[in-house]
Amino acid sequence: MALLPMIFVLVQSLIQYPQPAGDGLDEATHRRMEERQELLVHEMARLLQELEEQDKGGGAVLSGALQQWPFWVLAGVLLLVALWFTCRRRSGEASNNDVHEGEDSVDGREECMEVKVQESSDASEQRSREKEDHEGGKGESGSDGMEDREKTGYAGNEQGILLVDRIEWPVEDLERGCSVIAELMESLTRVFVDSVSNSFYPVPQEAIGVGSAFEGWSPRDWDGVYRVLVPLNPPPGHAFHLEPNSAGQVADRTFNVRVELVCTCEKEQVEEKPLCFLHHSREELRQKQKRSLLETLCTSSYLDVEKTSRWFCHLVRSSWLQVPQWHSWYVVFQPCSRSCRLELSKGRESLAVEMLFGVRRGDSDIFVVSQPTKAAITASTAWAETYAVAEAKFFRHIARQLPCESLHLKCLQLFTCILRGTGFSSSTWKTVVMHVLTTVPLSRWHRRAFARRLWDIMAYLDRCLQLTHLRHFVLGNERLPAEISLPPAMRGVVPPNLFEHLARDPAAHREARQAYGRLRFRLGVLLSSH
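It should be emphasised that the depicted structure is a prediction, and the values quoted were computed from it without experimental measurement.

What counts and what doesn't
Residues numbered from 1 in each chain as written. Predicted model: local features only at pLDDT ≥ 70, side-chain atom pairs only at ≥ 80, totals over all residues. Heavy atoms only, no water. Phe/Tyr/Trp six-rings, centres within 6.5 Å; stacked < 30°, edge-to-face > 60°. Helix = DSSP H or I, 4+ residues; strand = E, 2+ residues; numbered from the N terminus. Buried < 20%, exposed > 50% of the residue type's maximum accessible area, 1.4 Å probe, protein only. Lys NZ or Arg CZ within 6 Å of the ring centre and 35° of its normal. Contact = heavy atoms within 4.5 Å. Pairing = 2+ DSSP bridges. Axes fitted to C-alpha atoms, helices over the stretch in contact; angles between N-to-C directions. Parallel < 35°, antiparallel > 145°, perpendicular 65-115°, else oblique. Left-handed = near helix turned anticlockwise from the far one by under 90°. Nonpolar A, V, L, I, M, F, W, Y, C, P; charged D, E, K, R; others polar.

Enquirer: What should I look at first to understand the packing of aromatic side chains in this one?
Expert: The relation between two aromatic rings is expressed through the spacing of the ring centres and the mutual angle of the planes. Per the stated rule, a full pass over the model turns up eleven aromatic pairs. With centroids separated by 6.3 Å and ring planes inclined at 85 degrees, the aromatic side chains of Phe214 and Tyr226 adopt a geometry described as edge-to-face. Linking Phe214 in helix α9 (residues 212–215) with Tyr226 in strand β3 (residues 225–233), this pair joins segments that are twelve residues apart in sequence. A relative accessible area of 22% means that Phe214 is categorised as partly exposed. An aromatic cluster is built from Phe192, Tyr201, Trp311, Phe312, Phe357 and Trp383, whose rings are joined through pairwise contacts. Positioned over the ring face of Phe333 is Arg317, at 4.4 Å from the centre of the ring.

Enquirer: I tried to follow the environment of Leu437 on my own but got confused; where do I start?
Expert: Here Leu437 shows up in helix α15 (residues 426–437). C-alpha of Leu437 to C-alpha of His408: the two residues are 29 residues apart in sequence and 8.0 Å apart in space. Every residue in contact with Leu437, bar those within four places of it in the chain, is listed here: Phe394, Ile398, His408, Leu442 and Trp445.

Enquirer: It is not clear to me how the pairing of strand β8 (residues 330–334) should be interpreted in this structure. Could you clarify?
Expert: Within a regular beta strand, the side chains point alternately toward one face of the sheet and then the other, so they alternate between its two faces. What you see with β8 is a clean split: Val331 and Phe333 sit on the buried side and Tyr330, Val332 and Gln334 on the side with no burial. Between β8 and the antiparallel strand that follows it, strand β9 (residues 340–346), lie five residues.

Enquirer: Is there a simple way to think about the packing of helix α14 (residues 407–417) against α15 in this case?
Expert: How two helices sit against one another is set out by the angle between their axes and by the gap between those axes. Running from N to C, α14 and α15 cross one another at 150 degrees; their axes reach a closest spacing of 10 Å. As the angle between them shows, α14 and α15 are arranged roughly antiparallel. Regarding α14 and α15, the two cross each other, and that crossing is right-handed. Residues His408, Leu412, Phe415 and Thr416 of α14 form the contact with α15, whose participating residues are Ser426, Trp429, Lys430, Val433 and Leu437. Its residues placed into classes, the contact of α14 with α15 shows five nonpolar, three polar and one charged.

Shown next as structure tokens:
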């Protein structure tokens, strides 16, 4: 009689045992099969215990066992079924592990290699993929196979889409602030031109928005100040000549702006122009004409930053009541020796503005500006070289080319939010992202590939840390868009190494590698949680 429950349980298990449909079983089916197996094992153990209690003595046990031959047949079938199930499950897990290990090894290779240089964004996506397959360079296969995973449901796609949709920053506030500042500077520039037309002070030109706010993103350490650069042209009868200082690295150079008087005799005869400073006596000039720039804002024939700053701030103060914005905005001027800072407020809205002024290098997008350098002491005649205008033009160019115009900005925004405690600055990440934008085809910067692009940026940084070499983005970069104008000598220079300090200091390099590991872990956790 004890055999009847066992037969019932076994028949029930065979009837309810799921037949394979496809390549594997789902999780719920696996769970039911495991529960059924445990139930059968316990039931068999209970029946064996009953048999041992009923049969006394060795012969009785043997006779009882022989009489129960159907039980042993069924028990054997049960064990075979359990063994088949266990082997099938283990083989399925091994197959899945092989797949995951293969993907991890591919990703590991990709993230440790430099992103491969591609053709221009105008080429089709298919053509770019074919070039990747045939032009695998030396250790530069970071983007090989990337497009295939993006088009075949790569696991990071959905994570990237969810994450890119959740990245928020005050983009509307930035656009609003930039719009207000741009309108204000346009109004002020018109007043400036009229104010200096009858003098020999520098002539302010149309202001250029620079910095992250005008590029469209907001780093975590942003001080909330909107910065604009006001180019200064020499007044009539004067010329500016830039003379580099011997001190300083190539990427952190300063210049002196030498002011030279030029002859205006020919123009003086044709039109009613100011008297020529070179060919008229000082007495005549003093009686009939205002002082030259050399006598007002210069120190030893060089344009003085601090004197120019005081003059410019006075010019803004005197021009404020002549612009339409003065009716709706309240202005407070902040003291500064090398720029003009002011605070605008209207109700609960407030904007901080810093007006830098500078001199353009020829007809290029490179300027020397009044902004202080990293040096502890900066001479009043030293003007720092800046590439902010060229970088701002690059970001505008990229925004026009990308399928998702803000994806690169969201990459920047995300990384700057998880940089805390890593030692990497926002400017470093900006340089890395700009380099990746010139190596990965622009057609691939879309929402579906957001996670992939994040790992491309990490791979590029990893490669730079391995080599302790991060190239300056503007200096010596032959892949800059044609619309960005550089001085001829600047295109041929060797790009400075922004990681030179890591190459000199092994301890700093080791710390940077550890920081990269922490950042990689943070990014992995962030992607896996979305």
